[in-house]
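Architecture at a glance
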Amino acid sequence: MEVAHTPEIVVCCRQKEYEANKRKLNRLRGAVSLQKLSKEQIEQYFSNLNRSTVWDNLCQNAALVELAQKPLFLFMLVLAYRGEAIRNEQELFELYIEKQLAEVASQEIYKSDKVLTQERMIRYLTWLSKQLECIQETEFLIEQIQPSWLASEKQRSLYLLLCRLIIGLPFGILVGLLSGILGGLPFGLVFGILFGLSISSTVKDTDIEPIEKLQISTEGVLSIALGIGLITWLFAALTGAPGAGLGVGLILGPGGGLVLGLTTGVKNNPIKEKKIPNQGIRKSIQNAVLFGLVGSLNSQISGLTSGIICELAIVLTFMMRGGLKEAIRHFILRIFLTKSGVAPWNYALFLEHAVKHRFIQRTGGRYRFVHDLLRKHFAQLPSVASGDS
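Residues numbered from 1 in each chain as written. Predicted model: local features only at pLDDT ≥ 70, side-chain atom pairs only at ≥ 80, totals over all residues. Heavy atoms only, no water.

Let us look at empty space enclosed by the protein. Applying the stated criterion across every chain yields a total of one cavity of 30 Å³ or more. Approximately 40 Å³ is the volume found for the largest cavity. Along its surface, the largest cavity is lined by Arg14, Thr138, Arg368, Phe369, His371, Asp372 and Arg375. Mapped by element, the contributors of at least two residues to the lining of the largest cavity are β5 (366-369) and α15 (372-379). In terms of residue class, the lining of the largest cavity is built from one nonpolar, two polar and four charged. (1 Å grid on protein atoms, 1.4 Å probe; cavity = no way out; pocket = protein on both sides within 12 Å on 5 of 7 lines; lining within 4 Å. Points joined across faces, edges and corners; volume = space filled by probe spheres on them. Helix = DSSP H or I, 4+ residues; strand = E, 2+ residues; numbered from the N terminus. Nonpolar A, V, L, I, M, F, W, Y, C, P; charged D, E, K, R; others polar.)

Shown next as C-alpha cells:
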C-alpha cells in the first residue's frame with residue numbers, strides 16, 4: 001500500500017518584505033523568525049576563529065556591532081578584516097569588495113587570456129545596480145534590459161534607427177526582388193527599401209517583451225478562416241462564378257485564417273519561473289523558428305505563394321510575429337551597451353563570475369546582489385563610461 005506524502009515547502013523571506021506583502025501564507029504549519037546574533041554569540045564566534053582582535057576593534061564602533069549581528073555582515077567582517085580599523089559600513093563594503101576581487105580562486109570563470117579586469121567588473125556592477133535602483137527592483141533578468149537603459153537620447157535614437165533598418169530591410173529586399181522581376185531590378189530595390197522602412201516604422205522605442213509562451217485561440221483562427229472562405233465565395237457568386245469561388249474559398253479560408261489568426265490572435269504568456277539565464281530571449285528565438293515553419297507549411301497548403309520570394313516573405317512575417325523582432329531588438333541593445341562599456345557582451349558569463357566573487361547570487365535565471373545594502377553601495381559609486389568592452 002502506497003502512502004501519499006504531502007510535499008514539504010519552506011518559504012524564506014525577509015520579515016519587512018513579508019509584512020509589506022498583502023498576501024499572507026496562513027496555511028503553512030508554522031513560522032520561524034531568525035533573531036539577531038547576540039554580542040556574546042559574536043564574541044564566541046571570533047574566539048573560536050582565533051580572531052578576538054577583530055571583536056575588540058568592533059566594540060569601538062556601535063554601528064559595526066549592530067551590523068555584525070546579521071550573519072551576512074559578520075561573514076563579510078571575517079573575510080575583509082586585515083587589521084585595519086573599520087569605522088563604518090562603507091569601509092566594510094570597500095574592504096570586502098577589494099578582498100573578493102583579489103581572490104584568485106574566483107577567476108576561473110573567464111579563460112586566462114580573457115580575464116575580466118577589476119575596473120571593468122566594478123563598472124559593470126555599478127551600472128547594473130544603478131539600473132535596478134531606477135526601476136526599483138532587486139532582481140535582475142538578462143531579458144529585462146530595456147532601451148530606456150541607454151544613457152542618452154542620441155543613443156536611443158540611433159538604436160531605434162538601427163532596429164528599423166535591420167527589421168525592415170529583409171522585407172524591402174524581398175519586395176524589391178519581386179518588384180524587380182516585373183519592373184526592373186533598380187526600381188524594385190528602391191521600392192523595396194522604402195517599403196521595408198515603412199513596415200519597420202511600426203517598431204517603437206518601447207519595452208522589449210520577449211515572446212516566451214504562446215497562447216493561440218483555436219476558436220479565433222477557425223472563425224477567421226470561415227469568414228474569409230465565405231467572403232471569397234460570396235464575392236465570386238456576385239461576379240458570376242460561385243463554383244470557382246467555393247474552391248478558392250476552401251483554399252484561402254484555412255490559409256488566410258491561419259495567417260490572420262496567428263499574426264493577430266496570438267498572445268504572449270510570460271514564463272514566471274525562469275530556470276536559465278536569458279530564457280525569455282531564447283524562447284523568443286525558438287518560437288520564431290516554430291512560427292517560420294508554420295508559415296512555410298501554411299503557404300504551401302493554401303497556395304498563397306507564387307514563388308520562393310513570396311514564401312520567404314511569408315515565413316519572415318511569421319518569424320517576426322513569433323518573437324524574432326524582439327530578439328533582434330534585444331541583441332542590438334546589447335551591442336550598444338557593450339560598445340558603451342557599461343555592460344559585457346556575454347552577460348551570463350559575467351554574472352556567473354560575480355556569483356563566484358560572492359557579489360551576486362543566482363536563482364534559476366534570476367540574479368540579485370547578496371544583500372540589498374551591497375547593491376546600494378555599488379549604486380552610490382560614480383559612473384565611469386568607457387568604450388573598452
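Moving on: the layout of surface pockets. Computed from the structure, the largest pocket encloses a volume of approximately 2400 Å³. Considering the residues around the largest pocket, the lining is formed by 45 residues, among which Val11, Cys12, Cys13, Arg14 and Gln15 are closest to the centre. Broken down by secondary-structure element, the contributors of at least two residues to the lining of the largest pocket are α1 (15-20), α5 (71-80), β4 (360-363), β5 and α15. At four residues, α1 tops the list of elements feeding residues into the lining of the largest pocket. Of the residues in the lining of the largest pocket, the class split is 17 nonpolar, 11 polar and 17 charged.

This part is about the pattern of salt bridges. The tally for this structure, following the rule as stated, stands at 12 salt bridges. The partner of Lys274 in a salt bridge is Glu143, with the nearest N and O atoms 3.1 Å apart. Here Glu143 lies in the loop between β1 (139-140) and α8 (153-183) and Lys274 lies in the loop between β3 (266-268) and α12 (279-302), a separation of 131 residues in the sequence. Since its relative accessible area comes to 5%, Glu143 is described here as buried. Where Glu352 meets Arg362, a salt bridge forms, and the shortest distance between an N and an O atom there is 3.0 Å. You can see Glu352 sitting in helix α14 (residues 347-356) and its partner Arg362 sitting in strand β4, a full 10 residues away along the chain. Taken together, the salt bridges that share partners define one network made up of Glu133, Asp372 and Arg375. (Salt bridge = Lys/Arg side-chain N within 4 Å of Asp/Glu carboxyl O. Buried < 20%, exposed > 50% of the residue type's maximum accessible area, 1.4 Å probe, protein only.)

Attention now goes to the packing of α5 against helix α6 (residues 89-101). Contact pair α5 / α6: the axes reach a minimum separation of 9 Å and the direction vectors enclose 60 degrees. Put simply, α5 runs oblique to α6. In terms of crossing hand, the pair formed by α5 and α6 is left-handed. Contacts between α5 and α6 involve Phe73, Phe75, Met76, Leu77, Leu79 and Ala80 on the former and, on the latter, Leu92, Phe93, Leu95, Tyr96, Lys99 and Gln100. Its residues placed into classes, the contact of α5 with α6 shows 10 nonpolar, one polar and one charged. (Axes fitted to C-alpha atoms, helices over the stretch in contact; angles between N-to-C directions. Parallel < 35°, antiparallel > 145°, perpendicular 65-115°, else oblique. Left-handed = near helix turned anticlockwise from the far one by under 90°. Contact = heavy atoms within 4.5 Å.)

Moving on, we come to a nonpolar patch on the surface. A contiguous nonpolar patch, built from Ile285, Val289, Leu293, Phe331, Ile335 and Trp345 and spanning about 540 Å² of accessible area, is present on the exposed surface. At the level of secondary structure, the elements contributing two or more residues to the nonpolar patch comprise α12 and α13 (308-340). Considering each element in turn, the nonpolar patch owes the most residues, three residues, to α12. (Patch = residues over 30% accessible without salt bridge, like charges linked within 9 Å, V, L, I, M, F, W, Y side chains within 5 Å. Areas by Shrake-Rupley, 256 points an atom, 1.4 Å probe, with all protein chains shown as cover.)

A few words now on the sheet that holds β5. Pairing is antiparallel across the open sheet formed by three strands, whose spatial order is β1-β5-β4. The sheet is open, and its two edges are formed by β1 and β4, each paired on a single side. Taken together, the two bridges between β1 and β5 define a ladder with antiparallel strand orientation. Note that in β5 the partner of Phe140 across the bridge is Tyr367. (Pairing = 2+ DSSP bridges.)

Any link to function would need more than the numbers given here.
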